[in-house]
Each structure stands twice: as structure tokens, then as C-alpha cells.
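Topology and contacts: notes
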Amino acid sequence: MNTLLFPVILAGGKGERFWPLSRKDRPKQFLSLDGSSRSLLQATADRLLALGGSWDSLWVITSSQIAEGVRQQLPDLPVENLLIESEGRDTAAAVAWTSLEIKQRYGEDAVIGFFPADHWIANQEAFAHTLSAATQLAASTAAIVTLGIKPTFPSTGYGYIEQGEKIGSFNELPAYHVNRFTEKPNRETAETFLSTGRFSWNSGMFVFRAGVVLKELHTHAPEIIEPLEQHGPDIYPQLPKKSIDYALMEKTTLAYVLPVDFGWDDLGDWNAIERLLKTEETPNVELATHVGLDTQGAIIYASNPEDVVVTIGLEDVVIVRDRNVTLVVKKERTQEIKQILKILQSDSRFTDLL
């Protein structure tokens, strides 16, 4: 049975909550948000290649709008390993199409892993150890393995996975059958989840054999897999827009979870920058030239090092200066950036800001 992992990077997202730094021509996965020189997409590729694979085994699926940018970011990626969606149809279609392509090339026992392009991971060694365990489980069992992140606080921004019966250990990591997936809870529910010790955050990372996931898609999402098998990717714009969680993971009985801890963040909005870079010694997170008076708890970013951001008497705000836009928002309201983008989209004066 094939135990080589074929990693797939899901790189079609927009990252709208990182606007104005993230725009149509420069989505979140093309950004470096941790002060390094590598973009999130490049760092994800580096991490997956370090597992012992090669560029020939790495795949990327992305949208037609940013495919050229992906090629520039990952020039060593074989052209046949870049799948370009004519229209974004969420992760279920992306998983189905890529799994079909890998099965056709390598057979139904090929072990595939799906990884979002915009995650941050602290401990690369622990990540590699985890992926080895997930690959062993997927290769030996009819399993759809998900990586569950051990929660460090009662987050209301993540989905949760409840672990059921333990089925064994792989690479010294315990594996459990999944009892259920739950959507983002309220604070009280999240605290209850943590108190049980049975819940982990849903990382959106999955590992399985091609034949296993395709069979499950036939059972639970035939409206996605059957048109792709019959017509190929030309049918893509007509496919239903569903996440892999909704289309498959919440329905399958083959879901297993590895609760893991390798330092993880999904970098969902500007507040993630604080989680990554904040220190006790500094009152703010500053990725800009900042002159402040009585300012604390702020996240300040400027793409042009010559721009100077001056603040007086501010607390718990995000300030972002990029090109011709300045964003100022309370940290607790960064989720509403998407609403601002809808307003900008409706006014022709602002189309160049998107």
C-alpha cells in the first residue's frame, strides 16, 4: 500500500479580512504576515516539501484570477500539478477534482493530504511527526483523517471536533473516531467543550486515500463528484458551492481525528498578527514606522516603510496603511471588514481599492 503522501495546497481563498493589504491581485496567501521574507503560500510549500517529498509530489489548486501569481510564487511547481478553477466552488469541489486527478495518475491507494495555504505553524518537527502518523492511519484504514488542534482558549471563531472511541496509536499519537463536528460555538459552549477534554479545533487539514474519499463523495455528495467524473473540470461553474465539512465530513462515518499540538493559527484576520508577534515587553504590535503617545494594544501595519503612522490616546485598534487606503478599526470588529468591502463593491469610485 502506498505510504507516500501527496500534499495539496488549497490556495483559492481571498483573505478579505486582511484588506486593504489583501486585494484581488494580492490575496492573503501571497502575503508575509510574520515579518519573514516568505509568503504564507511559500511557507506552506516549504513545510510540505520538508516532509521528504519533492516538487513532483506537491499539488496546488487555485483560482484563475491568481493562478499566474501562484506560478510566480512557486516557480518550481510542475505545471501539471497546478489545478486552476475557472470559478471558485468552495473546498468540496476542490477536494473532489484534485482527488480524481491524483487517483488517475497514481491509483486509488495514493494518500492525499489537503492543507490551506494561509496557516501558520510553529513547530515544524511536530508537524512532520503528525503528518507521518496521519499518513500511516490513512494508508492502513478506510479513514478520512482530520488534524484536531488542542485548544488553548475557548475560541468562538473555530469549529470543533468531538473525539469518540480511541482506535489505536500511530507514530505514538492516539487516534479517535469522530463523534461529531460542530460549528463555531458561543463562549459558554466553547468553555464547556474545553472542560470535557474531548474537543479539538477543526484545522481544515485532512489526509486520506484517493479511493476512500471518492467512494465517500459518491455516497454523500454525488451532485459534486458525478458531474466531475462525467464532464471533467469544464462542469466546474455548475457545481454546487459547498465546503468539504458540510458536503462530507459532517456525514461520513469514516472520520477520524488526531488531536495534535504543534503551535497553529489559521490567520483569519488582523488579530492573528497579535497572537503571533505580541510580546509582554511591547505595548503594541508594530509592522510600521510608528510614533505613538499613550497608545497600547494596537496592531499597526504599513506596507511602505517611508510612511509614518502617528497615534495619540488609542487602545485596542488595528491601523493598516497600504497604497492609497488607510484602515482604522477596533480589534473586536475586524470581522466586519467584509461588510465594508460589499459597500466598496457597490460604488464604482472604489473598484480600484478591492
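Scroll up for the structure.
Residues numbered from 1 in each chain as written. Predicted model: local features only at pLDDT ≥ 70, side-chain atom pairs only at ≥ 80, totals over all residues. Heavy atoms only, no water.

Next up on the list: the overall build of the chain. What the chain contains, in helices and strands, is ten helices and 17 strands. Its C-alpha radius of gyration of 21 Å places the chain within 12% of the 20 Å reference for a compact globule of 354 residues. With respect to the principal axes defined by its C-alpha atoms, the chain has extents near 60 × 45 × 35 Å. Expressed as a percentage of contacts within the chain between residues at least 6 apart in sequence, the contacts between residues at least 24 apart total 67%. Accessible surface, the chain as shown: approximately 16,300 Å² in total, 47% of it carbon and sulfur. Charge-centre separation for the chain: the mean point of 33 positive side chains lies 4 Å from the mean point of 47 negative side chains. (Helix = DSSP H or I, 4+ residues; strand = E, 2+ residues; numbered from the N terminus. Rg over C-alpha atoms; globule rule 2.2 N^0.38 Å. Contact = heavy atoms within 4.5 Å. Areas by Shrake-Rupley, 256 points an atom, 1.4 Å probe, with all protein chains shown as cover. Lys, Arg positive; Asp, Glu negative; His and termini not counted. Charge placed at Lys NZ, Arg CZ, Asp CG, Glu CD.)

Tallied over the entire structure, the rule returns 13 aromatic pairs. Following the ring pairs from residue to residue traces out a cluster consisting of F153, Y158, W201 and W264. Lying over the aromatic face of F127, R47 brings its terminal NZ or CZ to 5.7 Å of the ring centre. For the cation-ring pair, K251 lies above Y246, with the distance from its terminal atom to the ring centre recorded as 5.3 Å. (Phe/Tyr/Trp six-rings, centres within 6.5 Å; stacked < 30°, edge-to-face > 60°. Lys NZ or Arg CZ within 6 Å of the ring centre and 35° of its normal.)

On to the environment of L41, then. Relative to the helices and strands, L41 is located in helix α1 (residues 40–49). Separated by 76 residues in the primary sequence, L41 and A117 place their C-alpha atoms 5.1 Å from one another. Aside from chain neighbours lying at most four places away, what touches L41 is I9, A11, Q29, F30, V70, Q73, L74 and A117.

Relative to the elements of secondary structure, H119 occurs in the loop between β4 (111–116) and β5 (120–121). At 3.1 Å, the side chain of H119 forms a polar contact with the side chain of W264. Setting aside anything within four residues of it in sequence, one finds H119 in contact with T44, R47, S203, M205, W264, D265, D266 and L267. (Polar contact = N/O pair within 3.5 Å; in protein donor to acceptor, adjacent residues only side chain to side chain.)

Here we take up the pattern of salt bridges. Between side chains of opposite charge, pairing is possible as soon as their charged atoms come close. Using the criterion set out here, one finds 19 salt bridges in the structure. For K331, the salt bridge identified is with E274, shortest N-O distance 2.8 Å. Pair noted here: K331 is in the loop between β17 (325–330) and α10 (337–345) and E274 is in helix α9 (residues 271–277), with a separation of 57 residues, a long-range link. Note that K331 and D316 form a salt bridge whose closest N and O atoms lie 3.6 Å from each other. (Salt bridge = Lys/Arg side-chain N within 4 Å of Asp/Glu carboxyl O.)

The element strand β6 (residues 144–149) is extensively covered by neighbouring structure, given that six of its six residues are classed as buried. As defined by bridge partners, β6 adjoins strand β9 (residues 199–209) across five bridges and the pair is classed as antiparallel. What sits directly across from I149, in β9, is W201. By the bridge criterion, six bridges tie β6 to strand β10 (residues 255–260) in an arrangement that is parallel. Bridging from a neighbouring strand, I149 pairs with V260 of β10. (Buried < 20%, exposed > 50% of the residue type's maximum accessible area, 1.4 Å probe, protein only. Pairing = 2+ DSSP bridges.)

Right, let's talk about a positive patch on the surface for a bit. Together, K14, K24, K184, K241, K338 and K342 line one region of the surface with positive charge. Of note, K184 is situated in the loop between β8 (173–182) and α5 (187–196). Assessed through its relative accessible area of 54%, K184 is described here as exposed. (Patch = residues over 30% accessible without salt bridge, like charges linked within 9 Å, V, L, I, M, F, W, Y side chains within 5 Å.)

Note: strands within a sheet are paired through backbone hydrogen bonds, in either parallel or antiparallel orientation. The strand order across the open sheet built from four strands is β12-β14-β16-β17, with neighbouring strands paired in mixed fashion. Each of the sheet's edge strands pairs with one partner strand only, and the pair in question is β12 (285–287) and β17. Averaged over all neighbouring strand pairs, the angle between strand axes comes to 5°, with direction disregarded. (Axes fitted to C-alpha atoms, helices over the stretch in contact; angles between N-to-C directions.)

Attention now moves to the packing of helix α3 (residues 90–106) against helix α7 (residues 222–231). Contact geometry for α3 and α7: axes closest at 10 Å, N-to-C directions at 40°. Classified by the angle their axes make, α3 and α7 are oblique. The handedness of the crossing between α3 and α7 is right-handed. Here A92, A93, A96, W97 and L100 of α3 lie close against α7, whose contacting residues are I224, I225, L228 and E229. Within the contact of α3 with α7, the residues separate by chemical class into eight nonpolar, no polar and one charged. (Parallel < 35°, antiparallel > 145°, perpendicular 65-115°, else oblique. Left-handed = near helix turned anticlockwise from the far one by under 90°. Nonpolar A, V, L, I, M, F, W, Y, C, P; charged D, E, K, R; others polar.)

Packing of α3 against helix α6 (residues 210–220) leaves a shortest axis separation of 9 Å and a crossing angle of 135°. By the angle between their directions, the pair α3 and α6 is classed as oblique. Crossing of α3 against α6: the hand is left-handed. Listed contacts from α6 to V95, A96, S99, L100 and K103 of α3 are A210, V213, L214 and L217. For the contact of α3 with α6, a count of residues per class yields seven nonpolar, one polar and one charged.

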